[in-house]
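Spelled out, the chains give:
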Amino acid sequence: MKKTLLSLLLVFFAGFTLFANDADLFNLDYNAVEAEFSQLNQLADMVKSNSDMTYSALKLEHGNLIESMNLVSESSLPSDTKNPVLGIPSFLWGCGLGVVGILVVYIISDEDKAETKKALWGCLTWTAVVVVVDVVWWGALWGTSGL
């Protein structure tokens, strides 16, 4: 037992010494970060100062900035790449929380019917799984009882 514990401790500490050489990975160069975000800050200032600016107008005026940042308009993205509600897909909201999940999706997604429908399908899927498992369970229980 002592040999096993000692071996595990040696392996554990050996792992620390192997990764200790990468300690400089966690040093943060604030000037490099500021340089990376300078274009984004410039773009954010333009949008803040001109609240009715659209993507197409921004592309016409500052096309080089848009191209250098690899920005695309939201309309050019596929419709299924929307951000999920609170980072969780709508199907899982319905599957995990049922009617409450459907309500959460409906409220948070600003009454988006497509997302609410996904949550509804999640709820129905979970309900179907529970019904099938219950039928199999009770069928097996009934079959083994000899009645």
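Keep in mind the model is a prediction, meaning the values are calculated, not measured.

Draft legend 1. Spotlight on the overall build of the protein chain. Secondary structure assignment for the protein chain yields seven helices and zero strands. Counting from the amino terminus, helix and strand elements in the protein chain follow one another as α-α-α-α-α-α-α. A burial count over the protein chain gives 16% of its 147 residues as buried. Long-range contacts, defined as pairs at least 24 residues apart, comprise 42% of the intrachain contacts of the protein chain with a sequence gap of at least 6. Accessible surface computed for the protein chain: about 12,200 Å², of which carbon and sulfur atoms make up 67%.

Draft legend 2. Broad picture of a nonpolar patch on the surface. Taken together, the side chains of I88, F91, L92, L120, W121 and L124 define a hydrophobic patch exposed on the protein surface, amounting to about 560 Å² of accessible area. Elements that contribute at least two residues to the nonpolar patch include exactly helix 5 (90-97) and helix 7 (113-145). It is helix 7 that contributes the most residues to the nonpolar patch, three residues altogether. Looking at the secondary structure, you find L92 in helix 5.

Draft legend 3. Region of the structure containing unusual backbone geometry. Unusually for a residue other than glycine, D110 sits at a positive phi of about 55 degrees. Relative to the elements of secondary structure, D110 occurs in the loop between helix 6 (99-108) and helix 7. Judged by relative accessible area, which is 66%, D110 ranks as exposed. Unusually for a residue other than glycine, E111 sits at a positive phi of about 60 degrees. With respect to the helices and strands, the residue E111 is situated in the loop between helix 6 and helix 7. Note on E111: relative accessible area 52%, which makes it exposed.

Parameters at a glance
Residues numbered from 1 in each chain as written. Predicted model: local features only at pLDDT ≥ 70, side-chain atom pairs only at ≥ 80, totals over all residues. Heavy atoms only, no water. Helix = DSSP H or I, 4+ residues; strand = E, 2+ residues; numbered from the N terminus. Buried < 20%, exposed > 50% of the residue type's maximum accessible area, 1.4 Å probe, protein only. Contact = heavy atoms within 4.5 Å. Areas by Shrake-Rupley, 256 points an atom, 1.4 Å probe, with all protein chains shown as cover. Patch = residues over 30% accessible without salt bridge, like charges linked within 9 Å, V, L, I, M, F, W, Y side chains within 5 Å. Salt bridge = Lys/Arg side-chain N within 4 Å of Asp/Glu carboxyl O.

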